[in-house]
Number of protein chains: 2
Amino acid sequence: MTNPTFDKLEEALREITDLQAAAALLEWDQQTYMPPGGAPARARQLATLEKTAHSRLVSDDIGKLLDDLKDLEAAGPYDAYPVALIRLARRRYDRARKIPPDFAAELTAHNAATYHAWTKARPANDFATIQPYLERNVELSRQWANYIGDYERIADPLIEAADFGMTTSRVETLFAELRQQLVPLVQAIAERPPVDTACLHQHFPADKQRAFGEHVVKHFGYDFTRGRQDKTHHPFMIGFSINDVRITTRFKEDDLSEALFSTMHEAGHALYELGIDPACEGTLLAHGASSAVHESQSRLWENLVGRSRPFWNHFYGQLQQTFPDQLATVDLDTFYHAINAVAPSLIRTDADEVTYNLHVMIRFQLGLDLLEGRLAVADLPDAWRAAYQRDLGITPPDDKDGVLQDVHWFSYLIGGNFQCYTLGNIMNAQFFAAALRAHPDIPTDIEKGRFDTLRTWLQQNIHRHGSTFTADELIQQTTNQPLSVTPYIQYLHNKYTKLYDL
Amino acid sequence: MTNPTFDKLEEALREITDLQAAAALLEWDQQTYMPPGGAPARARQLATLEKTAHSRLVSDDIGKLLDDLKDLEAAGPYDAYPVALIRLARRRYDRARKIPPDFAAELTAHNAATYHAWTKARPANDFATIQPYLERNVELSRQWANYIGDYERIADPLIEAADFGMTTSRVETLFAELRQQLVPLVQAIAERPPVDTACLHQHFPADKQRAFGEHVVKHFGYDFTRGRQDKTHHPFMIGFSINDVRITTRFKEDDLSEALFSTMHEAGHALYELGIDPACEGTLLAHGASSAVHESQSRLWENLVGRSRPFWNHFYGQLQQTFPDQLATVDLDTFYHAINAVAPSLIRTDADEVTYNLHVMIRFQLGLDLLEGRLAVADLPDAWRAAYQRDLGITPPDDKDGVLQDVHWFSYLIGGNFQCYTLGNIMNAQFFAAALRAHPDIPTDIEKGRFDTLRTWLQQNIHRHGSTFTADELIQQTTNQPLSVTPYIQYLHNKYTKLYDL
């Protein structure tokens, strides 16, 4: 296609994505290698890059180009590269134009200050100090939503920013359906004898853990010539190009599952971005369709593959060879039960596959209660304890492992940052079920340590499209049905009925 | 000072330096951790950052601010922060405005293509393939110089871009003076029996080399909370803030001197930037005064300190303890002679302290001959061989270790990229002599492993000023004389007369 107006838009957008990629590298460095002295300058440099990219996006030039390209966009076809790029650019432009620059600057500064305060408040178990920051964050989150406007529920714009097409009501409905099945399942498991996980809590040297984890994700198809793994405090995946998508992990030498499943999880995210059509390289389209779809890919490789029996039928012998002193006398069955043990716990990111969703639902609901004015920040710690007691039967002994446990509310707007985790679980089962219908031999392949069929199906049906389709469109065209909790509930029931002999 | 116009200039310049710092981090990553797949996107991202920073610098807004600040600049005092910043900004602005954007883009693209071709040509020992790239580079270098204009010799603008205040004629005069003393010294040494360097060429595990090198530079004062050391192919120092100045190194397990002296060298560069007045943070002033002054600091710590007898009187016992199998039976005298052995060699970066300058002078002269039209690129390999035979008595067996040996001519303009190395040597002796006049006890301190007096003198007299003064101003005010080769010649004569019993 030769359309000079489109070429101009493409070039202008490419510069914006280049600036964003540079910011991403600065963040990666901040979380992996940056010496502590670099922090103040890094915050300033990130703010400059964000401001520069943002001011380009909201420029009248981009607005004019988008106006001039309305006919081209309308002409379709919907999934043609130029049409998809214009559509996504328009969506980003329209949203960004609604946020006043002064407000954006205030938000950036407040986020940085809150994050800094949280890094001190958490170890000190000091909610009181962080409370005013959080109160201001609730206000800023509401203001942000009001700038975007056009909502039924105030969390809608916040949710949609991460998960386009999703609304508060849709999330509530899906979560209610899931919850109805999940709570009895957790209760039934709780009545069974607890699983012994001692085999995972021996001494496992970090360098061997690293080697085994990288061995596994190489088999998944993670390409170390187009990525790498580094150590960090809070593991994440980050991409600077579809040919440079990196993962990070952390090692606990007394917990084999920590780094291993985290590496698989982040590799799942990475496979998504590595699998995007090369034609999208350097464009807005070269990212996942939504936070939840992204999470569906990470959870699929971590849980549906990485915690499955076929997977360990193949890999457990290799793991025993890597850790003979620790695992030679531990049989596969014991190990398989240990990595799938379900038990209520305090920390979301350490939770098992089943109770994890209860953590997410609690967090989603508390965020909504704050935003919709049913809950005051001052009452949040009590509300947190009550919710954990109600849903998981345990009460955090302090705020450190309660409301202060992770950075989400203390580094960004409140309201749209938790639904994606459980939506990702729901989606990953629906996608996997569709892959199994197309290729019933996938479990047999996995049992042979082969992942090509699965990865290729995911790449062809999901990854390659990048952000061309919305999450709902992807689900419909890939699974021939709208988003549904049924496959996920079936998956959990099948797996845990056997595991716990329910 | 509250001057709203200056505040605006400062803010605009800060955004430019933030973009440049981001570009620097992208380069650091490219040379240390980036997976190979990331290369094409990285080149594009760097080009975008450079273009963005450049277009801001040459904007009419900056021009207007500089015009409005002429009176403030003229009012002085010369070394006041606002005055120095305006002066430097004006110098950068004036130069940048002279280069047409299309030419700058062509240059960036040609540099990238040439570098890429060089990475293939060097291992293949294939000068013919790179020849047309180099021919074009000679043309582009001349064009660049002509855009800057206002010169006596065409290399002047290229030299001045790296070493403000220096000209082709000044460099020629200084080099001729030095050469007159250097050639007889090299000849006299050549007539002495060769020094046995076998003690340096045993097996030295990289991890122990790293630990010892970092131990040494910590004693120099290199602060690992404001920097770090990583591995790379071609060691360099790079800063993203005066509180995040990193060094890189490479290890050869059969050569103890490679990483050790490279680490000291890069730490010398880093101490310069770490020592800049915090008031300059995030501004154009937060860099060294010139390439040569920067090099004077790295060479000072590498050679005048790191290859000195007092230094090893203190550290050699520790080195022996680090490598007992290799060094327990090697006495200090043997080791000290080995690390200071003078012998003609092919590769500039591997050369000893004395012959190094001959490499630099050859490269400077060949670059000048190309630029001034006395030498055709096609004849460069022959001219290279002739020069090495004439000055060092050896002829490279191939172009790989001859004209293709390093990246300088194949990644940037020709003409201004070699003088700084020998100018740095000249300056480092002049600075060190001044430091010794002020503190005659510095060698005694070094002998005790204490570097505070020296580092503090350097910091107070050189480092803290950043780019406030030119190299000539710094030298005059610090040493009470203009730049002179005498201290360097004295240093070499004193040291090598003893070492070689001349």
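Further up the page is the structure itself.
We now turn to the structure provided with this report. (Residues numbered from 1 in each chain as written. Chains lettered and ligands numbered in written order. Predicted model: local features only at pLDDT ≥ 70, side-chain atom pairs only at ≥ 80, totals over all residues.)

**Concerning the overall build of chain A**
How we decide: Each helix corresponds to a stretch of at least 4 residues labelled H or I by DSSP, and each strand to a stretch of at least 2 residues labelled E; elements are numbered beginning at the N terminus. The globule rule used for comparison is 2.2 Å times the number of residues to the exponent 0.38, while the radius of gyration itself is calculated over C-alpha atoms. Burial is judged by counting the other C-beta atoms within 10 Å of a residue's own C-beta: 20 or more makes it buried, 12 or fewer makes it exposed, and any count in between marks it as partly exposed, with every C-beta position built from the backbone. Placing a C-beta atom from the backbone of each residue, one calls two residues in contact when those atoms lie within 7 Å.
In terms of regular secondary structure, chain A is built from 22 helices and 3 strands. For 502 residues, the compact-globule estimate of 2.2 N^0.38 gives 23 Å, and chain A sits close to it at 23 Å. Across the 502 residues in chain A, those meeting the buried criterion constitute 44%. Counting contacts in chain A only where the partners sit at least 6 residues apart, residues at least 24 apart contribute 72% of the total.

**Section: the sheet that holds strand β2 (residues 237-241) of chain A**
The pairing of strands in a sheet comes from backbone hydrogen bonds and takes either a parallel or an antiparallel form. All names here are of chain A. Operational definition: Two strands are counted as paired when DSSP detects at least two bridges linking them. For helices, the fitted line uses only the C-alpha atoms of the stretch in contact; every axis is such a line through C-alpha atoms, and the angle between N-to-C directions lies from 0 to 180 degrees.
The 3 strands are arranged β1-β3-β2 in an open sheet whose pairing can be described as mixed. At either end of the open sheet lies a strand with only one pairing partner, and these are β1 (229-231) and β2. Strand-to-strand, the axes of this sheet are offset by a mean angle of 30 degrees, without reference to chain direction.

**Overview of helix α7 (residues 127-148) of chain A**
Residue and element names in this part refer to chain A. The line we're drawing: To estimate the expected span of a helix, subtract one from its residue number and multiply by 1.5 Å.
Given a rise of 1.5 Å per residue, 22 residues ought to cover 32 Å, and the 30 Å separating the end C-alpha atoms of α7 matches this to within 8%. Where α7 is concerned, the buried positions are Phe127, Ile130, Tyr133, Leu134, Asn137, Val138, Ser141, Arg142, Trp144 and Ala145. The inward-facing, buried residues of α7 abut α6 (101-124), α8 (156-162), α16 (356-371) and α17 (380-392). Two residues or fewer past α7, Gly149 is found with a positive phi of approximately 65 degrees.

**Thoughts on the packing of α16(A) against α17(A)**
Residue and element names in this part refer to chain A. Our working definition: A crossing counts as left-handed when the near helix is turned anticlockwise from the far one by less than a right angle, and as right-handed when that turn is clockwise. As a working rule, the residues Ala, Val, Leu, Ile, Met, Phe, Trp, Tyr, Cys and Pro are called nonpolar, Asp, Glu, Lys and Arg charged, and the rest polar, with Gly in that last group.
Between α16 and α17, the shortest axis-to-axis distance is 10 Å and the interhelical angle comes to 145 degrees. Taken as a pair, α16 and α17 cross one another with a handedness that is right-handed. Together, Leu358, Ile362, Leu366 and Leu370 of α16 and Leu380, Ala383, Trp384, Ala387, Tyr388, Asp391 and Leu392 of α17 make up the contact between the two elements. Counted by class, the contact of α16 with α17 contains 10 nonpolar, no polar and 1 charged residues.

**Digging into the interface of chain B and chain A**
Taken together, the contact between chain B and chain A spans 30 residues of the former and 30 residues of the latter. Sorting the residues of the side of chain B that touches chain A by element identifies α1 (4-32), α2 (39-57) and β2 (237-241) of chain B as the ones contributing at least two each. Tallying contributions element by element places α1(B) first for the side of chain B that touches chain A, with 8 residues. Residues that form the side of chain B that touches chain A fall into these classes: 13 nonpolar, 10 polar and 7 charged.

**Focus: the relation of the copies chain B and chain A**
Here is the rule: Copies are brought into register by a least-squares superposition over C-alpha atoms of residues with pLDDT of at least 70 in both.
Once chain B is rotated about the relating axis by 180 degrees and shifted along it by 0.0 Å, it coincides with chain A to within an RMSD of 0.0 Å. Both chain copies can therefore be described as sitting about a two-fold axis. Closest approach to the rotation axis among the C-alpha atoms of chain B is made by B:Ala22, whose C-alpha sits 3.4 Å away.

**Observations regarding the pairing of β2(B)**
Residues and elements named next belong to chain B. Burial analysis of β2 places 5 of its 5 residues in the buried class, which makes it a mostly covered element. As paired elements, β2 and strand β3 (residues 244-249) share 4 bridges and run antiparallel to each other. Bridging across to β3, Gly239 finds its partner in Val245. Between β2 and β3, which follow one another and run antiparallel, lie 2 residues.

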